[in-house]
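Tertiary structure, described
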Amino acid sequence: MLEKLNILLLGSGGREHAFARSLAMSPRCSQLFIAPGNAGTAQHGTNVDVSPNDFPALKIFVLENEIDMVVVGPEDPLVNGVVDFFAEDPQLKHIPVIGPSKAGAQLEGSKDFSKAFMKRHHIPTAGYDTFTFSKLEEGYKFLGTLTAPYVLKADGLAAGKGVLILDNLEEAKQELKAMLGDSKFGKAGEKVVIEEFLSGIEVSVFVLTDGVNYKILPEAKDYKRIGDGDKGLNTGGMGAVSPVPFADERFMRKVEERIVKPTIAGLAAEKIDYIGFIFIGLMNVAGEPLVIEYNCRMGDPETEAVLPRIQTDFVELMEAVAERKLDEVQLQIDSRIAATVVMVSGGYPGNYEKGFSITNLDKVGDTLVFHAGTAQQGKNVITNGGRVLALTSLAETLEAALEKSYAAAKTINFDYAYYRKDIGQDLLLMI
Ligand code: AMP
Ligand code: GLY
């Protein structure tokens, strides 16, 4: 075990700001670098202008700066094989990278792979079949055996846009043809998973694993659509709450026994090297958990609600993963409720302008301000993306946590700022 570590964090969103804060808070962190980071991550370390997907450039940086550990935020470097790149390079292979191998990242990188994996390991999920262009007619027939709404998923990564939910059969057939025949989602849509629609409430469950041992981190609820009442276009996420009232002990026991254990055991049985985070998107269907999707990373904005609740030293947690000693770590969780409200640029998830000054960032009391799409311009912080800030407050009750985050959202200003006004309201009705 090293006294202190130089750490390189990959990514640039609100999730990475939350990671940067947790890593930098540890007395075990020597220098923290973030590639490429944002104006918020720069409060906790040094941003470096290297793309997380430029592996040769990462190698040069890691060697020149004596990096001891790499923590990966987003999915694309993982799906592109950053872990394998390090493991196969004689100069890098001793440096742990927290994240799954390319094979493990297929849990997110290929819907067909993840559905087949769940089937092989008897993990509860929606019934499905997978089709390519040469099987288009069979795809139409399969759709005919299902009832509306119809769920079509592009197999590969499609920047969160590859899932279509359609109310009528003709439309579903047309979309299937557009995906398979007309490359609607490019290469990502060369295979399409068609699955049964699941009706229920979603919850995001996060697992940290060293390949053998695992810890279930605090769960969260995400608010995906742009408008109040979960209406309108899908976004990267407009808010989050952790914990989730319906994910009680009984429900989480089912999740652990039926989903988490067989997932970890299944990866090991298939000799897939997987360390790091598994994000399980679940549907609670009448009290029974079914997997909607796996992601090979933490969620955004869920991370901004989950990480502030983890009291265990975060560098020690990452080191335990790398050394495959996660069983020796005690997970300490803040019992308070975290509520996160995301402020976005007006127009998002469609077209929006960037470059507006953000004011009053330091006038929000004890609310944590995580930067997502921001940049530093001289003394000013300016908007630099669709999702701009994630505001997280902790309190004894959900009402109090929401009140603090919404007060912060009212205080912070930038032109054309927008945020949902109903984060957590559905959960308040359940308590
Ligand atoms: P995914 O990218 O697989 O998470 O899908 C995006 C969103 O589509 C999910 O968060 C769900 O809200 C919804 N969704 C995906 N699959 C299903 C399904 N089988 N039944 C109902 N909703 C689904
Ligand atoms: N908030 C959902 C995601 O990170 O995919």
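Up top is the structure.
Residues numbered from 1 in each chain as written. Chains lettered and ligands numbered in written order. Predicted model: local features only at pLDDT ≥ 70, side-chain atom pairs only at ≥ 80, totals over all residues. Heavy atoms only, no water.

Examining the site of ligand 2
Around ligand 2 sit Asp222, Gly236, Phe279, Arg297, Gly299, Asp300, Pro301 and Glu302, and that is every residue in its neighbourhood. Arg297 places a polar side-chain atom, nitrogen or oxygen, 2.9 Å from an oxygen atom of ligand 2. The side chain of Glu302 places a nitrogen or oxygen atom 2.8 Å from a nitrogen atom of ligand 2. Considered on its own, ligand 2 offers 200 Å² of accessible surface; in the complex 87% of this is hidden by protein. Of the residues contributing to the shell around ligand 2, the split by class is two nonpolar, two polar and four charged. (Near = heavy atom within 4 Å. Polar contact = N/O pair within 3.5 Å; in protein donor to acceptor, adjacent residues only side chain to side chain. Areas by Shrake-Rupley, 256 points an atom, 1.4 Å probe, with all protein chains shown as cover. Nonpolar A, V, L, I, M, F, W, Y, C, P; charged D, E, K, R; others polar.)

Structural notes on the site of ligand 1
In the vicinity of ligand 1, 14 residues are found, and the nearest of them are Glu195, Glu196, Leu198, Glu202 and Glu293. Measuring from a nitrogen atom of ligand 1, one finds a side-chain N or O atom of Lys153 at 3.0 Å. In this structure, Glu202 approaches ligand 1 through a side-chain N or O atom, which is 2.4 Å from an oxygen atom. Burial of ligand 1 by the protein amounts to 87% of the accessible area it has alone, namely 460 Å². Among the secondary structure elements, those contributing two or more residues to the shell around ligand 1 are β7 (150–154), β8 (163–166) and β17 (288–295). (Helix = DSSP H or I, 4+ residues; strand = E, 2+ residues; numbered from the N terminus.)

With respect to the sheet that holds strand β19 (residues 357–358)
Each strand in a sheet pairs with another by means of backbone hydrogen bonds, the pair being arranged parallel or else antiparallel. Sheet architecture is open: three strands sit in the order β19-β22-β21, paired in antiparallel fashion. Of all the strands in the sheet, just β19 and β21 (374–377) have a single pairing partner and so form its edges. As paired strands, β19 and strand β22 (residues 380–383) are joined by two bridges and run antiparallel to one another. If you follow Ser357 over to β22, its bridge partner there is Ile382. (Pairing = 2+ DSSP bridges.)

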